[in-house]
Amino acid sequence: MTSQTCTIRLTVNGGPRVAEVEPRRLLVDFLREDLGLTGTNIGCEQGVCGTCTVLLNGASIRSCITLAVQADGAEVSTVEGLAEGGELHPLQDEFSAKQGLQCGYCTPGMLMRAREILAQNPDPTPEQVRAGIASNLCRCTGYQFITEAVLDAAARMRRAKETAS
């Protein structure tokens, strides 16, 4: 019995990728093992915890229950794509400054979910941030520091946008 593969073409963190994958290959495994993007962590492997969250065409998804072939033709963003030109993204910087990470295991998924939240609403309330990140589980921080980090990053991003205009 031979293994059947499919060719997928996608953009990962702004760069084009073409790969041969087995039809049942999970996106998280493709990112980690085939592309070497190990920032996306594997948690529950059931789509519940949010540890494996990445953005697919700007929307957060659970890469542990998404097949790599489902990303064919799409744009995938992982935590490795947040920093630009050696500069941390404001979310990464604020997570560090505000102690929004403890063990750090949930952090990549939480950062990607926060990126989506701020793309949809650049000026969220604390309640909106809490509701938005509630889909990602963290066992260390109690969410308060994460909420503060997202709000402070949002303020920095708004100021940077105003300065650039």
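Residues numbered from 1 in each chain as written. Predicted model: local features only at pLDDT ≥ 70, side-chain atom pairs only at ≥ 80, totals over all residues. Heavy atoms only, no water.

Asker: Help me get a handle on the overall build of the protein chain, residues and values and all.
Answerer: In terms of regular secondary structure, the protein chain is built from 5 helices and 5 strands. Sequence-ordered secondary structure for the protein chain, helices as α and strands as β, is β-β-α-β-β-β-α-α-α-α. Radius of gyration (C-alpha) of the protein chain: 16 Å, near the 15 Å computed for a compact globule of 165 residues. C-alpha extents for the protein chain along the principal axes are approximately 55 × 40 × 25 Å. Counting the 165 residues in the protein chain, one finds 42% classified as buried. Once local pairs closer than 6 in sequence are excluded, the contacts in the protein chain between residues at least 24 apart make up 56%. When the accessible surface of the protein chain is split by element, carbon and sulfur atoms take 49% of a total near 8800 Å². (Helix = DSSP H or I, 4+ residues; strand = E, 2+ residues; numbered from the N terminus. Rg over C-alpha atoms; globule rule 2.2 N^0.38 Å. Buried < 20%, exposed > 50% of the residue type's maximum accessible area, 1.4 Å probe, protein only. Contact = heavy atoms within 4.5 Å. Areas by Shrake-Rupley, 256 points an atom, 1.4 Å probe, with all protein chains shown as cover.)

Asker: Let's hear about the sheet that holds strand β1 (residues 6-12): which residues, and what values?
Answerer: If you walk across this open sheet you meet the 5 strands as β2-β1-β5-β3-β4, and the pairing is mixed. Taken across any chain shown, the strands that pair with only one partner, and hence form the sheet edges, are β2 (15-21) and β4 (59-62). Taken pair by pair, the neighbouring strands of this sheet meet at an average axis angle of 40°, ignoring direction. In the packing of helix α3 (residues 107-120) onto the sheet, contacts are made with β3 (53-56), β4 and β5 (75-77), and the angle to β3 comes to roughly 35°. (Pairing = 2+ DSSP bridges. Axes fitted to C-alpha atoms, helices over the stretch in contact; angles between N-to-C directions.)

Asker: Can you lay out the packing of helix α2 (residues 90-97) against α3 for me, pointing to particular residues and giving the numbers?
Answerer: Their axes nearest at 10 Å, the elements α2 and α3 cross at an angle of 125°. Of the possible angle classes, the one that applies to α2 and α3 is oblique. Crossing angle aside, the handedness with which α2 passes α3 is right-handed. Every residue of α3 that contacts α2 at L91, Q92 and F95 is listed here: T107, M110, L111, A114, R115 and L118. (Parallel < 35°, antiparallel > 145°, perpendicular 65-115°, else oblique. Left-handed = near helix turned anticlockwise from the far one by under 90°.)

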